[in-house]
Amino acid sequence: MKAYDGMYIDGAWRPAAGPDVIEVVGPADEQVIATVPAGTVEDVDAAVRAARAALPAWAATPPSERAARLAALRDQLHARRDEIAATVTAELGAPEKLSQTVHAGVPVAVAGSYAELAATYSFEEKIGNSTVYHEPVGVVAAITPWNYPLHQIVAKAAPALAAGCTIVVKPAENTPLVARIFAECVHEAGVPAGVFNLVTGLGAVAGQALAEHPDVDLLSFTGSTAVGRRIGAIAAGMVKRVALELGGKSANVILPSADLARAVNVGVANVMSNSGQTCSAWTRMLVHRDRYDEAVELAAAAAAKYGDRIGPLVSARQRDRVRGYIEKGVAEGARLVAGGPEAPRPQGWYVSPTVLADVTPDMTVAQEEIFGPVLCVLPYEDEEDALRIANGTVYGLAGAVWAGDEAEAVAFARRMDTGQVDINGGRFNPLAPFGGYKQSGVGRELGVHGLTEYLQTKSLQF
């Protein structure tokens, strides 16, 4: 076990203001692997003050120089990919291959995309007799989740830095170790002191203090809808900008003309990735009644192949929460066709890849985000019924549509109340805007749309 000390504030590692620490526990063996400081209100204040002091100079830094720092950051992340992947595997429990390709690989691509955007984006434009300037919002407070611990930091910090903002990041207490590596990469990339700051701590203490700090101009939060509502209320009360990426209950709609086997297999893989701990996972599979039984058999067989291929959940609390949902689904009438609530291993916070069939739209498991390796399969009668079911939750983050004809799939997807839809297994695009409708959030991340979240406009008339 390693005991880490200090917060990254104003370009240096500084001792924490208080003596308390947070134990980081490995989900695979339930052993403490490290401790980090539990940040206090004083730590948060010092970080915000550093960000405020660094703002004028960084905002005035030419975009080309900001782009150069981001390119250097991308290179630092790439150089430490193996260390990053191993750290995520240890603190999150993600399998090594997933940690390499997704947890370590995607942040490199995202950081690189913002290096390019900082160099090419038009921060000034002419509209009639006006000149419009796109200026940084100011000091950003970023509160990030545990499920993609580095990606979510990069998805906020990279566009904020590209825009000319300064930032304070409070990572999730379950997965703070990779955040420390990121701070080291920022330092080695030559980002000026105070532009990026890191405070580890509990959400109820450090997160709350950061959200309520009067010198923060924008709150960016990724996490549960319940916490997002509280963050939004704080922002509204202080008239702050807010960006919220919240929960999801995404529908995977398989139309009758689709390649059923491919759609089911890809759909199951999507749900099982990262042990189901993905807000955009297609956790509801919608299949026409005529092919429903076949789809359920395919889904059960596909899920069984993931028994020893997925990692544990992040904590005992999360494991128990997911197992409780499985039990509730069965109690409400769902049919268990794969997996179940029983512990599949004697050690570690594992949940078996689970498929629930005969799920109805009003069941708890069809309405609430489970955040584990649990797929619900629902039948529909016709296309209008499928659309009603797909749109029938408070969420609207992502989704998928499968059809033999791409135009048919696109036509259906355009009617879905959701922010992102994959057509016939479309690939992830780090430049496309990511974010939700309804209670899945406010604002967008990634690409140029993610950059504009951190900009405000000023017009001069001539």
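What you see is a predicted model, and the numbers here were worked out from it, not measured in a lab.

**Overview of the pattern of salt bridges**
Line of reasoning, step 1. For the structure shown, the criterion picks out 18 salt bridges.
Line of reasoning, step 2. Close ionic contact of Asp45 with Arg49 constitutes a salt bridge, the shortest N to O distance being 2.8 Å. A residue pair is termed a helical-turn pair when its members lie 3 or 4 positions apart in one helix, as Asp45 and Arg49 do in helix H1 (residues 41-60) at four residues.
Line of reasoning, step 3. Residue Asp45 is classed as partly exposed on the basis of its relative accessible area, which comes to 27%.
Line of reasoning, step 4. Where Arg80 meets Glu184, a salt bridge forms, and the shortest distance between an N and an O atom there is 2.7 Å. In this pair, Arg80 sits in the loop between helix H2 (63-79) and helix H3 (81-92) while Glu184 sits in helix H6 (residues 177-188), placing the two residues 104 residues apart along the sequence.
Line of reasoning, step 5. Given a relative accessible area of 18%, Arg80 falls into the buried group.
Line of reasoning, step 6. Glu184 gets classed as partly exposed once you look at its relative accessible area, which sits at 31%.

**Digging into the UniProt feature "domain: Aldehyde dehydrogenase" (unreviewed entry) in the protein**
Line of reasoning, step 1. In this numbering, the UniProt entry assigns the feature "domain: Aldehyde dehydrogenase" (unreviewed entry) to residues 13-459.
Line of reasoning, step 2. In residues 13-459, the share of helix is 43% and the share of strand is 19%. The end C-alpha atoms are 40 Å apart.

**Structural notes on a nonpolar patch on the surface**
Line of reasoning, step 1. Together, Val41, Leu202 and Val205 line one region of the surface with nonpolar side chains, adding up to about 220 Å² of accessible area.
Line of reasoning, step 2. In this fold, Leu202 is placed in the loop between strand E10 (196-198) and helix H7 (203-212).

**A few points about the sheet that holds strand E7 (residues 130-136)**
Strands in a sheet are paired, the pairing made by backbone hydrogen bonds, and the direction either parallel or antiparallel.
Line of reasoning, step 1. With antiparallel pairing, three strands are arranged side by side in an open sheet as E6-E7-E21. Here the strands that pair on one side only, and so sit at the sheet edges, are strand E6 (124-127) and strand E21 (455-461). Across the sheet, the mean angle from the axis of one strand to that of its neighbour is 25°, orientation sign disregarded.

**Some words on the pairing of strand E8 (residues 139-143)**
As a general feature of sheets, a regular strand has side chains that alternate between the two faces.
Line of reasoning, step 1. For E8, the tally of buried residues reaches five of five residues, placing the bulk of the element in the interior.
Line of reasoning, step 2. Of the two faces of E8, both are covered, the one formed by Val139, Ala141 and Ile143 as well as the one formed by Val140 and Ala142.
Line of reasoning, step 3. The pairing of E8 with strand E9 (residues 166-170) spans five bridges and is parallel. Bridge pairing in E9 places Val140 opposite Ile167.

**Comments concerning the sheet that holds strand E15 (residues 335-338)**
Line of reasoning, step 1. If you walk across this open sheet you meet the seven strands as E15-E16-E17-E14-E13-E18-E19, and the pairing is mixed. Each edge of the open sheet is held by one strand with a lone partner, namely E15 and strand E19 (422-423).
Line of reasoning, step 2. Sheet analysis places strand E13 (residues 251-254) next to strand E14 (residues 284-288), joined by four bridges and oriented parallel. Paired with Asn252 across the bridge in E14 is Met285.

**Focus on the packing of aromatic side chains**
Line of reasoning, step 1. Tallied over the entire structure, the rule returns five aromatic pairs.
Line of reasoning, step 2. Ring plane angle 40° and centroid distance 6.4 Å describe the contact between Tyr8 and Phe196, whose orientation is recorded as tilted. Of the two residues, Tyr8 is situated in strand E2 (residues 7-9) and Phe196 in strand E10; the sequence distance between them amounts to 188 residues.
Line of reasoning, step 3. For Tyr8, a relative accessible area of 3% puts it in the buried group.
Line of reasoning, step 4. The class for Phe196 is buried, based on a relative accessible area of 1%.
Line of reasoning, step 5. Sitting above the plane of the Tyr306 ring, Arg309 keeps its charged end 4.3 Å from the centroid.
Line of reasoning, step 6. One residue, Arg345, lies across the ring of Tyr350, its end atom 4.0 Å from the ring centre.

**Structural notes on the side chain of Thr278**
Line of reasoning, step 1. Tracing the chain through its elements places Thr278 in the loop between helix H9 (260-272) and E14.
Line of reasoning, step 2. Taking the relative accessible area as the measure of exposure, Thr278 reaches 13% and is therefore buried.
Line of reasoning, step 3. A polar atom in the side chain of Thr278 sits 2.6 Å from the side chain of Tyr148.
Line of reasoning, step 4. Beyond its immediate sequence surroundings of up to four residues, Thr278 is in contact with Asn147, Tyr148, Ser273 and Phe371.

**With respect to helix H14 (residues 406-413)**
Line of reasoning, step 1. When H14 is considered as a whole, its buried residues turn out to be Ala409, Phe412 and Ala413. Buried positions in H14, seen along its axis, are confined to an arc of 100° and lie on one side of it.
Line of reasoning, step 2. Elements in contact with the buried residues of H14: E13, helix H13 (383-390), strand E18 (399-402) and E19.

**Overview of the packing of H2 against helix H5 (residues 151-163)**
Line of reasoning, step 1. Packing of H2 against H5 brings their axes to within 8 Å, and their N-to-C directions diverge by 155°. When the interaxial angle is binned, H2 and H5 end up roughly antiparallel. For the element pair H2 and H5, the recorded crossing hand is right-handed. Residues Arg66, Leu70 and Leu77 of H2 touch H5, and the partners they reach there are Val154, Ala158, Leu161, Ala162 and Ala163.
Line of reasoning, step 2. Classifying every residue of the contact of H2 with H5 by side-chain character gives seven nonpolar, no polar and one charged.

The rules behind these values
- Residues numbered from 1 in each chain as written.
- Predicted model: local features only at pLDDT ≥ 70, side-chain atom pairs only at ≥ 80, totals over all residues.
- Heavy atoms only, no water.
- Salt bridge = Lys/Arg side-chain N within 4 Å of Asp/Glu carboxyl O.
- Helix = DSSP H or I, 4+ residues; strand = E, 2+ residues; numbered from the N terminus.
- Buried < 20%, exposed > 50% of the residue type's maximum accessible area, 1.4 Å probe, protein only.
- UniProt positions renumbered as here; feature names shortened; annotations may be inferred.
- Patch = residues over 30% accessible without salt bridge, like charges linked within 9 Å, V, L, I, M, F, W, Y side chains within 5 Å.
- Areas by Shrake-Rupley, 256 points an atom, 1.4 Å probe, with all protein chains shown as cover.
- Pairing = 2+ DSSP bridges.
- Axes fitted to C-alpha atoms, helices over the stretch in contact; angles between N-to-C directions.
- Phe/Tyr/Trp six-rings, centres within 6.5 Å; stacked < 30°, edge-to-face > 60°.
- Lys NZ or Arg CZ within 6 Å of the ring centre and 35° of its normal.
- Polar contact = N/O pair within 3.5 Å; in protein donor to acceptor, adjacent residues only side chain to side chain.
- Contact = heavy atoms within 4.5 Å.
- Arc of directions from axis to C-beta.
- Parallel < 35°, antiparallel > 145°, perpendicular 65-115°, else oblique.
- Left-handed = near helix turned anticlockwise from the far one by under 90°.
- Nonpolar A, V, L, I, M, F, W, Y, C, P; charged D, E, K, R; others polar.

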